[in-house]
Every structure is written in structure tokens, then in C-alpha cells.
Amino acid sequence: MEITNVSEYEAIAKEKLPKMVYDYYASGAEDQWSLKENRNAFSRILFRPRILIDVTKIDMTTTVLGYKISMPIMVAPTAFQKMAHPDGEYATARAASAAGTIMTLSSWATSSVEEVASTGPGIRFFQLYVYKDRNVVEQLVRRAERAGFKAIALTVDTPRLGRREADIKNRFTLPPHLTLKNFDGLNLGKMDKSNDSGLASYVAGQIDRSLSWKDVKWLQTITTMPILVKGVMTAEDTRLAIQSGAAGIIVSNHGARQLDYVQATISCLEEVVKAAQGRVPVFLDGGVRRGTDVFKAMALGASGIFIGRPVVFSLAAEGELGVRKVLQMLREEFELTMALSGCRSLSEITRNHIVTENDGPRTVSRL
């Protein structure tokens, strides 16, 4: 079957993967309202395309924290990629590098920072969970820096793990042949079976619930890597993140896996962008499945987007080739959206190219 869009990979992944694994990747928290809303909210933003503009040449390149990439579409951190495919994070790293874009490696990867670095050149960020044992955090951050990673994406929305009922029913745990590779040798790489979700028990035991803004400052004392704060959804926290020295913000609701009934990320993006006042770049993850979604995020002020589930589903379906195809499909759809909207570069994508539910009637400026 010819795969024509990113979403089609999910059905293939569902057929191929064990139920416990597919459910882990696919599910959201509790009623999964926010999971659906992350997608639905995009569908309520409509285009105001401009016409009769020469779109022979379209430039999608951009820079993120000073690094030039081919398009504003990057790879979000997703845990346990070897559950999807034996090549796991190696395949994702190679695919992102081939696409000329950034891969973010999860703290809970099934390949270590050193292993991912060994796949060859590429711009890579490291997603960090802060453990109760700060020595572990310090070691890990230093290893990532030594391995050539360029930034830290600090996940701040997980003092406890959200209630993911599929994982509880399945008694989710990491398959026995896999470990959290970044923690091998620290007695933190194993996840025990438990009566509910093995991951929830692991988080309760290891992750630091006392994490606060002072820790964002502390991180800056142990690394020269810029810090992106991942999990911001409000203007208030945007201002605090900037005050705490964040180099950028990722608007994220953790793929709707933490607190249910939060807004879709695309719905609170503009609030965060306005609060940031251009002082730091603002990125978005959650629900992006089309090039049109990328354009909508850019029109609302994002400097780029990250994709998570499309990566693990395409990885499960076709390994590295699948991830390459997903990045290529999104790239081509985004380029087409730009052309049909009359935008030749990212700087030409403006708020006037879209209309949202909150927009009042337009006053048309006279030329």
C-alpha cells in the first residue's frame, strides 16, 4: 500500500507492535480529551491564502539556537524507541541527520548519548528528566555535552507521571532485553514489574518532585549548553522561564500524556509567544501530523515544531526509512502550503495568513 500521509503509519504500527507497546506510544492521560484536542484544535484554524505571488523558489531553512537546519520540523524526544524497532534511536538519529534537522534524544532512550553520537554527524539536543540524585543528573548532562549534544530540553511537566490507563491495564514495563541505556551501571536502568504501570512506579521512585525554577538556574552552573524549557503552557510560566535564563521555550503538554483537559498546544501557543516578546524562540510539539499544521504553528509565532508519535509509528512500520519518509512528507506538505499561501520564506508567514476561532471580524486595511 502506498503511504500518502503521516497518519497512515499509526495503523501499520498498531498491527505490527505488541499491544502493550502500541498502547504505550499511542495513549494519553485519563479520558484522553487533550489527546484528541491536540489534533482537533488544528482543524479549527483556517487559512487566508494570498495569491498571484511568484512562488518559484521557496526557502524553508531556519536557524535554531544558532544552528542552521533545512526546515522548521524537528524530532521530539520519545522514550524506548527500540520497542518500536531494533535500530531504535540509531535509526531516528540517522534519519534526522539525513533530513538536515535536529533530533532530541530522550533521557529514557534505549540507546545512550554516546551510541547516538556514534551514528555520525548531526545536530542533537538532549531531553532531561531531573532525578532525585543530582550526581546522576550532573554526570548525564556532562556526558551529553561530551558526546556533542547542543542543547538541553528540560522537561518540566512531570513531577509525577500522568495517569495513563492503558499502561495500568497492560502493567506496562520495558521488555526484558531493553534497558534505559543512559543509566546503565547506575542501578537506574531497570524498571521493575509492578501492579500498575511499571513506568509510573519508576518515576515515583526516581524523579525529583521538588524541581523548581531555581533548578533551571542550577542547570546553567553545570553546563554551557543552552536550556530549552519543555512543558510551558501559560504566559506566567513563559515570563518565569525567561527570568530563569531559559534560551527557549517548548510549548508542550507532553503529547497529552500528563494532565488531561489542558488546552491543545496550538491553542495556547499565541499566549506564550506574546509573553515571550521575542526575547527567546518559542517552539511547539503535540498533534502535528500535516505540513498545514506546521504552517499554522509558524503563523501563530512558533520558531519551529517537534514531532513525536509520527516518528515512533513510522519507525515501527519501516525503521529508518519510515522516519525519513515522515520527515520528507511533512517537508513537502509544508512547502506546498507555503506556495499555496503565497509565502516564499518563513519570514513571510504571518498571523494574517490564518484565522482562528478567537479572531473577531477583520477590518481590511486599504492599500
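Reading guide: rules and limits
- Residues numbered from 1 in each chain as written.
- Predicted model: local features only at pLDDT ≥ 70, side-chain atom pairs only at ≥ 80, totals over all residues.
- Heavy atoms only, no water.
- UniProt positions renumbered as here; feature names shortened; annotations may be inferred.
- Helix = DSSP H or I, 4+ residues; strand = E, 2+ residues; numbered from the N terminus.
- Buried < 20%, exposed > 50% of the residue type's maximum accessible area, 1.4 Å probe, protein only.
- Contact = heavy atoms within 4.5 Å.
- Polar contact = N/O pair within 3.5 Å; in protein donor to acceptor, adjacent residues only side chain to side chain.
- Core = buried A, V, L, I, M, F, W, Y, C linked by side-chain atoms within 4.5 Å.
- Arc of directions from axis to C-beta.
- Salt bridge = Lys/Arg side-chain N within 4 Å of Asp/Glu carboxyl O.
- Phe/Tyr/Trp six-rings, centres within 6.5 Å; stacked < 30°, edge-to-face > 60°.
- Axes fitted to C-alpha atoms, helices over the stretch in contact; angles between N-to-C directions.
- Parallel < 35°, antiparallel > 145°, perpendicular 65-115°, else oblique.
- Left-handed = near helix turned anticlockwise from the far one by under 90°.

**Student:** What am I meant to see in the UniProt feature "binding site: glyoxylate" (unreviewed entry) in the protein here?
**Tutor:** In the numbering adopted here, UniProt assigns the feature "binding site: glyoxylate" (unreviewed entry) to Y24, Y129, R164, H254 and R257. Structurally, the position occupied by H254 is in the loop between strand 9 (248-251) and helix 11 (265-276). Using a relative accessible area of 11% as the deciding quantity, one classes H254 as buried. Excluding its chain neighbours within four sequence positions, the residues that come into contact with H254 are Y129, T155, D157, T158 and R164. Position of R257 relative to the elements: it lies in the loop between strand 9 and helix 11. Discounting residues that sit within four places of it in the chain, R257 has contacts with Y24, Y25, S27, G28, A29, G162, R164 and R309. In this structure the side chain of R257 is engaged in a polar contact, spanning 2.8 Å, whose partner is the backbone oxygen of Y24.

**Student:** In this structure, what is going on with the UniProt feature "active site" (unreviewed entry) in the protein? I would like to understand it.
**Tutor:** When the UniProt feature table is mapped onto this chain, "active site" (unreviewed entry) is found at H254. Of note is the side chain of H254, whose polar atom sits 3.3 Å from the side chain of T158.

**Student:** Looking at this structure, how should I read the nonpolar core?
**Tutor:** Across soluble globular proteins, nonpolar side chains show a tendency to be buried alongside one another. F80, W108, L128, Y131, I266 and F334 are the most contacted members of the largest nonpolar core, which totals 105 residues. With 13 residues, the single largest contributor to this core is helix 13 (residues 309-341). Judged by nonpolar contacts, the second largest core, of 13 residues, contains M74, A76, I102 and I250.

**Student:** Help me understand unusual backbone geometry, please; the structure alone is not making it clear to me.
**Tutor:** Residues apart from glycine generally show negative phi values, whereas peptide bonds are mostly found in trans. Within the chain, L52 stands out as a residue other than glycine whose phi angle is a positive 55 degrees. Positionally, L52 belongs in the loop between strand 1 (46-47) and strand 2 (62-64). Of note in the backbone geometry, R171 takes a positive phi value of approximately 50 degrees without being a glycine. Take R171: it is sitting in the loop between helix 7 (165-170) and helix 8 (198-206).

**Student:** Teacher, can you tell me more about helix 9 (residues 213-222) here?
**Tutor:** One full turn of an α-helix is made of 3.6 residues, so residues set three or four places apart face in the same direction. For helix 9, the set of buried residues is D215, V216, L219 and I222. For helix 9, the buried positions fall inside an angular range of 120 degrees around the axis, keeping them on one side. Every exposed residue of helix 9 that faces more than 90 degrees away from the buried side is listed here: K214 and T221. Residues of helix 9 that are buried make contact with strand 6 (124-128), helix 6 (134-146), strand 7 (151-155) and strand 8 (227-232).

**Student:** For this particular structure, what's the right way to read the pattern of salt bridges?
**Tutor:** Tallied over the entire structure, the rule returns 18 salt bridges. Residue K181 is joined to E115 by a salt bridge in which the shortest nitrogen-to-oxygen separation is 3.7 Å. Highlighted residues: K181 in the loop between helix 7 and helix 8 and E115 in helix 5 (residues 113-117), separated in sequence by 66 residues. Here R142 makes a salt bridge to E138, at a shortest N to O gap of 3.2 Å. One end of the pair is R142 and the other is E138, both in helix 6 and 4 residues apart, which spans about a single turn. A residue is classified by how much of its surface remains accessible, and E138, at 23% relative accessible area, is partly exposed.

**Student:** Would you mind going over the side chain of K230 with me for this structure?
**Tutor:** Summarising the element assignment, K230 is placed in strand 8. Using a relative accessible area of 6% as the deciding quantity, one classes K230 as buried. Those residues in contact with K230 that lie beyond four places of it in its chain are P77, L154, T155, V156, D157, I250, S252 and D285.

**Student:** Is there a simple way to explain the packing of aromatic side chains in this structure?
**Tutor:** To describe a pair of aromatic rings, you give the distance between the ring centres and the angle between the ring planes. Taken as a whole and judged by the stated rule, the model has 12 aromatic pairs. Seen from their ring centres, F47 and F295 are 5.5 Å apart, and the 80 degrees between their planes marks the pair as edge-to-face. Taken together, the positions of F47 in strand 1 and F295 in helix 12 (residues 291-299) put the pair 248 residues apart, joining distant regions of the chain. Of the residues examined, F47 reaches a relative accessible area of 29% and is grouped as partly exposed. Here the aromatic rings of F80 and F172 are separated by 5.9 Å at their centres, their planes lie at 25 degrees, and the arrangement is stacked. Here the residue F80 occupies a position in the loop between strand 4 (73-75) and helix 4 (88-98), and F172 occupies one in the loop between helix 7 and helix 8, the gap between them amounting to 92 residues.

**Student:** What's the story with the environment of S34 in this structure? I'm lost.
**Tutor:** Here S34 shows up in helix 3 (residues 33-43). Taking relative accessible area as the criterion, S34 reaches 1% and is therefore assigned buried. Linking S34 and A264, residues 230 residues apart in sequence, is a C-alpha distance of 6.3 Å. The residues contacting S34, other than those within four sequence positions of it, are A256, L259, D260, Y261 and V262.

**Student:** Mind showing me how you'd approach the packing of helix 4 against helix 13 here?
**Tutor:** Two numbers describe a pair of packed helices, the interaxial angle and the distance between the axes. Interhelical geometry of helix 4 versus helix 13 gives an angle of 15 degrees and a closest axis separation of 8 Å. Taken together, the axes of helix 4 and helix 13 lie roughly parallel to each other. When you trace helix 4 past helix 13, the crossing you get is left-handed. Side by side, helix 4 and helix 13 meet where G88, A91, T92, R94, A95, A96 and A98 of the first sit next to V311, L315, E320, V323, R324 and L327 of the second.

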